[in-house]
Amino acid sequence: MKTTLVLTIALALFLACNAKQFSKCELARHLLQQNVEKWQIGTWVCIAQHESNLSTTAINRKTDDYGIFQISSLYWCNHARAGKGCGLSCNSLLDDDIHDDIQCVKRIFKETAKFRVNGFMAWTVYPKFCKGDTRHYVAGCF
Ligand SMILES: *[C@@H]1O[C@H](CO)[C@@H](O)[C@H](O)[C@H]1NC(C)=O
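Rules behind the numbers
- Residues take numbers from 1 onward in each chain, read along the sequence in its written order.
- Given that this is a predicted model, residues contribute local features only at a pLDDT of at least 70 and side-chain atom pairs are listed and counted only at 80 or more, while totals for whole chains, interfaces and linings are drawn from all residues.
- Hydrogens and waters are ignored; side-chain quantities use all the structure's heavy atoms.
- Residue exposure (1.4 Å probe, protein chains only): buried if accessible area is under 20% of the type maximum, exposed if over 50%, otherwise partly exposed.
- Each helix corresponds to a stretch of at least 4 residues labelled H or I by DSSP, and each strand to a stretch of at least 2 residues labelled E; elements are numbered beginning at the N terminus.
- Note: the arc covers the axis-to-C-beta directions of the helix.
- In what follows, a contact means two residues having at least one pair of non-hydrogen atoms within 4.5 Å.
- To form a nonpolar core, buried Ala, Val, Leu, Ile, Met, Phe, Trp, Tyr and Cys residues must be joined to one another through side-chain atoms within 4.5 Å.
- Stacked, tilted and edge-to-face are the three classes assigned to paired rings of Phe, Tyr and Trp, where Trp is represented by its six-membered ring and a pair needs centres within 6.5 Å; plane angles under 30 degrees give stacked, over 60 edge-to-face, the rest tilted.
- Charge-over-ring placement is defined geometrically: NZ (Lys) or CZ (Arg) within 6 Å of the ring centre, and within 35 degrees of the ring normal.

Asker: Give me the lowdown on helix H2 (residues 24-33), citing residues and values where you can.
Answerer: By the burial criterion, the buried members of H2 are Leu-27, Ala-28 and Leu-31. Taken end-on, H2 shows its buried residues confined to a sector of 100°, consistent with a single buried face. On its buried face, H2 sits against helix H3 (38-52) and helix H4 (99-112). Directly beyond the C-terminal end of H2, a positive phi value near 60° is found at Asn-35.

As structure tokens, this is what we get:
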């Protein structure tokens, strides 16, 4: 009983410590490091801001979207084990390592661009908030 409680608290603390809210510039630097084209970076930061408030632990239970970019479990991540379009488990999109999240959004972008005007259209916040000039999202970052 006591052990269970201690373990539960330890797990909660672990999860809380693993949660991370990125700053705009921090996210921008990660995107640049993973060779995202510079002209796209303001738009990615805008999307993350409007999707998750830049928090890695964001979950939308209604649409079943995960992480800082709110990646959909419908097509891109799998619940039980790694799988679907990005070959990932949805839980792996919630930790503070966003390397896999960025690889996944690159894939989503590429796949979506085959049938929409551009790859950002996979995100509903894009036409609403991030379609125009997004340079101010990364102002002073580089
Ligand atoms: C987004 O994050 C900021 C900074 O931590 C916080 O002040 C704000 O309340 C958050 N907004 C939402 C809608 O959660």
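Asker: Now, about the nonpolar core: what can you tell me, with residues and values included?
Answerer: The biggest cluster of nonpolar side chains holds 38 residues, and the ones touching the most others in it are Leu-27, Leu-31, Trp-44, Phe-69 and Trp-123. Secondary-structure elements contributing two or more residues to this core are H2, H3, H4 and helix H5 (125-130). Sort the elements by how many residues they give to this core and H3 lands first, with six residues.

Asker: Just give me the short version of the packing of aromatic side chains, but keep the residues and values in it.
Answerer: Each aromatic ring pair is described using two quantities: the centre-to-centre distance and the angle formed by the ring planes. Applying the stated rule across the entire model yields eight aromatic pairs. Ring centres 5.9 Å apart and planes at 80° place the aromatic pair Trp-44 and Phe-69 in the edge-to-face group. Of the two residues, Trp-44 is situated in helix H3 and Phe-69 in the loop between strand S2 (65-66) and strand S3 (71-72); the sequence distance between them amounts to 25 residues. Phe-69 matches Trp-44 in its accessibility class, with the two residues each being buried. Ring geometry for Trp-44 against Phe-120: centres 4.8 Å apart, planes inclined by 70°, an arrangement best described as edge-to-face. A residue pair is termed long-range when its members are at least 10 positions apart, and Trp-44 in helix H3 and Phe-120 in the loop between H4 and H5 qualify at 76 residues. Judged on exposure class, the residue Trp-44 and its partner Phe-120 are both buried. Taken together through their ring pairs, the aromatic side chains of Trp-39, Trp-44, Phe-69, Phe-109, Phe-120, Trp-123 and Tyr-126 make up a single cluster. It is Lys-20 that lies over the ring of Phe-22; its NZ or CZ is 4.7 Å from the centre.

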